[in-house]
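Listed here are the chains, written in short residue letters.
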Amino acid sequence: MKAEVLQETSDTSQATLPVAALEHLTGPMRGTTPWIAEKDINITLSPRRIIHVGPGLVGRGDSELIAHFRRSGDTFEIEATSDRTIWVNGKAIRSVLLKHHDMIEFGETGPMSRYVIFPNGQS
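The rules behind these values
Residues numbered from 1 in each chain as written. Predicted model: local features only at pLDDT ≥ 70, side-chain atom pairs only at ≥ 80, totals over all residues. Heavy atoms only, no water. Pairing = 2+ DSSP bridges. Helix = DSSP H or I, 4+ residues; strand = E, 2+ residues; numbered from the N terminus. Axes fitted to C-alpha atoms, helices over the stretch in contact; angles between N-to-C directions. Polar contact = N/O pair within 3.5 Å; in protein donor to acceptor, adjacent residues only side chain to side chain. Salt bridge = Lys/Arg side-chain N within 4 Å of Asp/Glu carboxyl O. Buried < 20%, exposed > 50% of the residue type's maximum accessible area, 1.4 Å probe, protein only. Core = buried A, V, L, I, M, F, W, Y, C linked by side-chain atoms within 4.5 Å. Contact = heavy atoms within 4.5 Å. Phe/Tyr/Trp six-rings, centres within 6.5 Å; stacked < 30°, edge-to-face > 60°.

### A word on the sheet that holds strand 3 (residues 40-45)
Working step 1: The strand order across the open sheet formed by five strands is 4-3-5-6-9, and the pairing between neighbours is antiparallel. With partners counted over all chains shown, the strands left at the sheet margins are strand 4 (51-54) and strand 9 (95-97), one partner each. Neighbouring strand axes in the sheet, compared pairwise and without regard to direction, differ in orientation by 20 degrees on average.
Working step 2: Strand direction decides the pairing type here: strand 3 and strand 5 (residues 64-72), joined by six bridges, are antiparallel. In the sheet register, Ile-43 faces strand 5, and the bridge partner there is Ala-67.

This is the structure:
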């Protein structure tokens, strides 16, 4: 009787893409954590400093589009809209690839959020 050998195969083409989250640290959204999993995400900011995160957002009511997140490999790139300023780790940016635990300040008066990446889509 022949013994069967079972081999584990790993199909990296089926690997789950990382997801990210914004841990809101200041402002009216403090303590909330929206997820970023889609390829393109828009960020809007209201005059009361309320952040909305989602695909296709262009502005809701009095909210203005402030930034875009775009998937870039295993992380996301953040890009400020043309008339807004975003700070990442204390530096004003137009566009930058984000790293785990980067601090993002949306606009001159905040709010501030921490970028967290979860490899393989796991929290």
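Additional details are given in the paragraphs that follow.
### Digging into the side chain of Arg-71
Working step 1: Of note, Arg-71 is situated in strand 5.
Working step 2: Only 2.9 Å separates the side chain of Arg-71 from the backbone oxygen of Pro-18, close enough to count as a polar contact.

### A word on the pattern of salt bridges
Working step 1: One pass over the full model with this rule turns up four salt bridges.
Working step 2: In this structure, the salt-bridge partner of Arg-70 is Asp-40, at a minimum N-O distance of 3.7 Å. One end of the pair, Arg-70, is in strand 5; the other, Asp-40, is in strand 3, with 30 residues separating them in the sequence.
Working step 3: Look at Arg-70 and you get partly exposed, because its relative accessible area is 34%.
Working step 4: A relative accessible area of 41% places Asp-40 in the partly exposed class.
Working step 5: Among the ionic pairs, Arg-70 bridges to Glu-79, the shortest N-O distance being 2.5 Å.
Working step 6: A single network of salt bridges, built from pairs that share partners, joins Asp-40, Arg-70 and Glu-79.

### Describing the nonpolar core
Soluble globular proteins tend to pack their nonpolar side chains together in the buried interior.
Working step 1: Of all hydrophobic cores here, the largest spans 21 residues; its most connected members are Ile-43, Phe-69, Ile-78, Ile-86, Ile-104, Phe-106 and Tyr-115.
Working step 2: Contributions of two or more residues to this core are made by strand 1 (19-24), strand 3, strand 5, strand 6 (75-80), strand 7 (86-88), strand 10 (103-106) and strand 11 (112-118).
Working step 3: Discounting chain neighbours no more than four positions away, the residues touching Phe-69 are Leu-22, Ile-36, Lys-39, Asp-40, Ile-41, Ile-43, Phe-76, Glu-77, Ile-78, Leu-98, Ile-104 and Tyr-115.

### A look at the packing of aromatic side chains
Working step 1: The final tally for this structure, using the stated rule, is one aromatic pair.
Working step 2: Geometrically, the ring pair formed by Trp-35 and Phe-118 is tilted, given 5.1 Å between the ring centres and 50 degrees between the ring planes. Remark: Phe-118 occurs in strand 11 and Trp-35 occurs in strand 2 (residues 35-36); sequence separation between them is 83 residues.
Working step 3: On the basis of relative accessible area, Trp-35 is assigned to the partly exposed category, the value being 46%.

### Overview of the environment of Ala-80
Working step 1: Counting through the fold element by element, Ala-80 comes out in strand 6.
Working step 2: As for Ala-80 and Ala-92, which are separated by twelve residues in sequence, their C-alpha atoms are 9.6 Å apart.
Working step 3: Setting aside residues up to four positions removed in sequence, Ala-80 forms contacts with Ile-66, Ala-67, Ile-86, Ile-93 and Arg-94.

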